[in-house]
Amino acid sequence: MRAVIIRTFGDPSGMEVTDLPVPTPGAGEVLVRTEAAGVGGVDVVIRRGGIAEAARDSGMIPGSEAAGVITTTGPDVDPAWVGRRVWAFTRTSGAYAEYVIARADDIVELPSDLTSVQAVTLGSAFPVAHFALERARLTEGESVLVRGAAGSIGLAGVELAARAGAGVIAVTTSSSQRGERLRAFGATHVLDRSGAGDADAPAEFDVILDIVGGPDLPRFIERLSPNGRLIAVGVVGGFPPADFGTALLAGFRRSITFGTLSLDTVPREELARVRAEVFDDAVRGALSPVVHDTLPLSDAAEAHRLMDAGDVFGRIVLVP
């Protein structure tokens, strides 16, 4: 099978397409013939070498989500799954390939009216945004800032915050054109990446959903309202400064909260339930799978270059 590997961590030029044997599913696993693979922010962080435990082995296949048809089941998995189209979570690696292995408890059957390309724009991003806003205890009428809103998780956060009845939904993004597109998803105020650019936007927010991280994280912590909550779900802009906690202590009297959210801590059954609801909502038109572009698997490095340049609105999808 064809697969993309990371030969050298760092620049996208370290990625290459190669031929590998089709893997065999083990106990509790399934083999999926890939129809689409999502290119996510975590893939970019891993490719850059930003997650040490994932960047140990040259030759790893990047990608954490794929959609396609199950061709083989491993021991202890019901063979009735064969032939069914599913969304599959491959953990931190494995999705940029013509065939992928996933655990049977990390797959969700897809509605017939949802394409595999649409599925990989939804299957990770919307659950991340859902559980992050749940952890932030967002209530109707509160103000929300989505930092890094043009990516798939940010777009999901905007849509879900609007559906939850947020009174104000501000977004940070790299251009006014992107900002105008975000208004169609529920954004009420558009800010630049520094958090400026809209004189009518609130100075403080009850909830901040942060996908970016990076050196500017402390200044956004400072923009939390009393009892405000910032939930970090990504570091696509790099890791924050080591002393970013100083901003939390400086705001001690405002009882502000900083938290992180990884889907690794969410029970598998709960994740499957939410994903199934997201897929059904998309079929009904209640949620929007936003595809920036669909590229062949061989163009994975180009997909990562676009991600590095910040030129993506929604999700890039790779197809074999």
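Computed from a prediction, not measured in an experiment: that's the story for all the values here.

Here we look at the overall build of the protein
Then, in step 1: A tally of helices and strands in the protein yields nine helices and 15 strands.
Then, in step 2: For 320 residues, the compact-globule estimate of 2.2 N^0.38 gives 20 Å, and the C-alpha radius of gyration of the protein, at 19 Å, lies within 12% of that figure.
Then, in step 3: Buried residues in the protein amount to 51% of all 320 residues.
Then, in step 4: Intrachain contacts of the protein at a sequence separation of at least 6 include 70% that bridge at least 24 residues.
Then, in step 5: As presented, the protein carries roughly 13300 Å² of accessible surface, and 50% of it is formed by carbon and sulfur atoms.

Focus on the packing of helix α3 (residues 125-135) against helix α4 (residues 152-163)
Then, in step 1: Contact geometry of α3 with α4 gives a least axis separation of 8 Å together with a crossing angle of 50°. By the angle class used here, α3 and α4 are oblique. Considering only the axes of α3 and α4, their crossing is right-handed. Facing α3, whose interface residues are A125, F126, V128, A129, H130 and L133, α4 presents S152, I153, A156, G157, E159, L160 and A161.

Let's talk about the pairing of strand β8 (residues 143-147)
Then, in step 1: The buried fraction of β8 is high, at five of five residues.
Then, in step 2: Covered by surrounding structure in β8 are S143, L145 and R147 together with V144 and V146, the residues of both alternating faces.
Then, in step 3: Note that β8 and strand β9 (residues 168-172) share five bridges and pair parallel. Directly across from S143, in β9, lies its bridge partner V168.

Considering the pattern of salt bridges
Then, in step 1: Applying the stated criterion across every chain yields a total of 18 salt bridges.
Then, in step 2: Residue R91 is joined to D106 by a salt bridge in which the shortest nitrogen-to-oxygen separation is 2.7 Å. With R91 in the loop between β5 (85-89) and β6 (99-103) and D106 in the loop between β6 and β7 (107-109), this pair connects stretches of sequence that are 15 residues apart.
Then, in step 3: Note that D281 and R163 form a salt bridge whose closest N and O atoms lie 3.2 Å from each other. On the criterion of sequence distance, the pair formed by D281 in helix α8 (residues 268-284) and R163 in helix α4 is long-range, its members being 118 residues apart.

Points about α8
Then, in step 1: Spanning 17 residues, α8 covers 24 Å between terminal C-alpha atoms, matching the ideal 24 Å at 1.5 Å per step.
Then, in step 2: On its buried face, α8 sits against β5, β7, α2 (116-122), α3 and α4.
Then, in step 3: Of the residues trailing α8, G285 is marked for its positive phi of about 85°.

Structural notes on the environment of G214
Then, in step 1: Relative to the helices and strands, G214 resides in the loop between β11 (205-210) and α6 (217-221).
Then, in step 2: Since its relative accessible area comes to 1%, G214 is described here as buried.
Then, in step 3: As for G214 and F239, which are separated by 25 residues in sequence, their C-alpha atoms are 4.8 Å apart.
Then, in step 4: Discounting chain neighbours no more than four positions away, the residues touching G214 are G237, G238, F239, P240 and P241.

Focus: the nonpolar core
Then, in step 1: Membership of the largest hydrophobic core comes to 53 residues, with the highest contact counts inside it found for V146, V171, V233 and F279.
Then, in step 2: Looking at this core, the elements that each hand over two or more residues are β5, α2, α3, β8, α4, β9, β11 and α8.
Then, in step 3: By residue number, the principal contributor to this core is α3, which donates seven residues.
Then, in step 4: Contact partners of F279, with chain neighbours within four places excluded, come to W87, V108, L110, P111, L114, A119, L122 and G123.
Then, in step 5: Listed in part, the 33 residues of the second largest apolar core include A3, W81, A102 and L295.

What counts and how
Residues numbered from 1 in each chain as written. Predicted model: local features only at pLDDT ≥ 70, side-chain atom pairs only at ≥ 80, totals over all residues. Heavy atoms only, no water. Helix = DSSP H or I, 4+ residues; strand = E, 2+ residues; numbered from the N terminus. Rg over C-alpha atoms; globule rule 2.2 N^0.38 Å. Buried < 20%, exposed > 50% of the residue type's maximum accessible area, 1.4 Å probe, protein only. Contact = heavy atoms within 4.5 Å. Areas by Shrake-Rupley, 256 points an atom, 1.4 Å probe, with all protein chains shown as cover. Axes fitted to C-alpha atoms, helices over the stretch in contact; angles between N-to-C directions. Parallel < 35°, antiparallel > 145°, perpendicular 65-115°, else oblique. Left-handed = near helix turned anticlockwise from the far one by under 90°. Pairing = 2+ DSSP bridges. Salt bridge = Lys/Arg side-chain N within 4 Å of Asp/Glu carboxyl O. Expected span 1.5 Å × (residues − 1). Core = buried A, V, L, I, M, F, W, Y, C linked by side-chain atoms within 4.5 Å.

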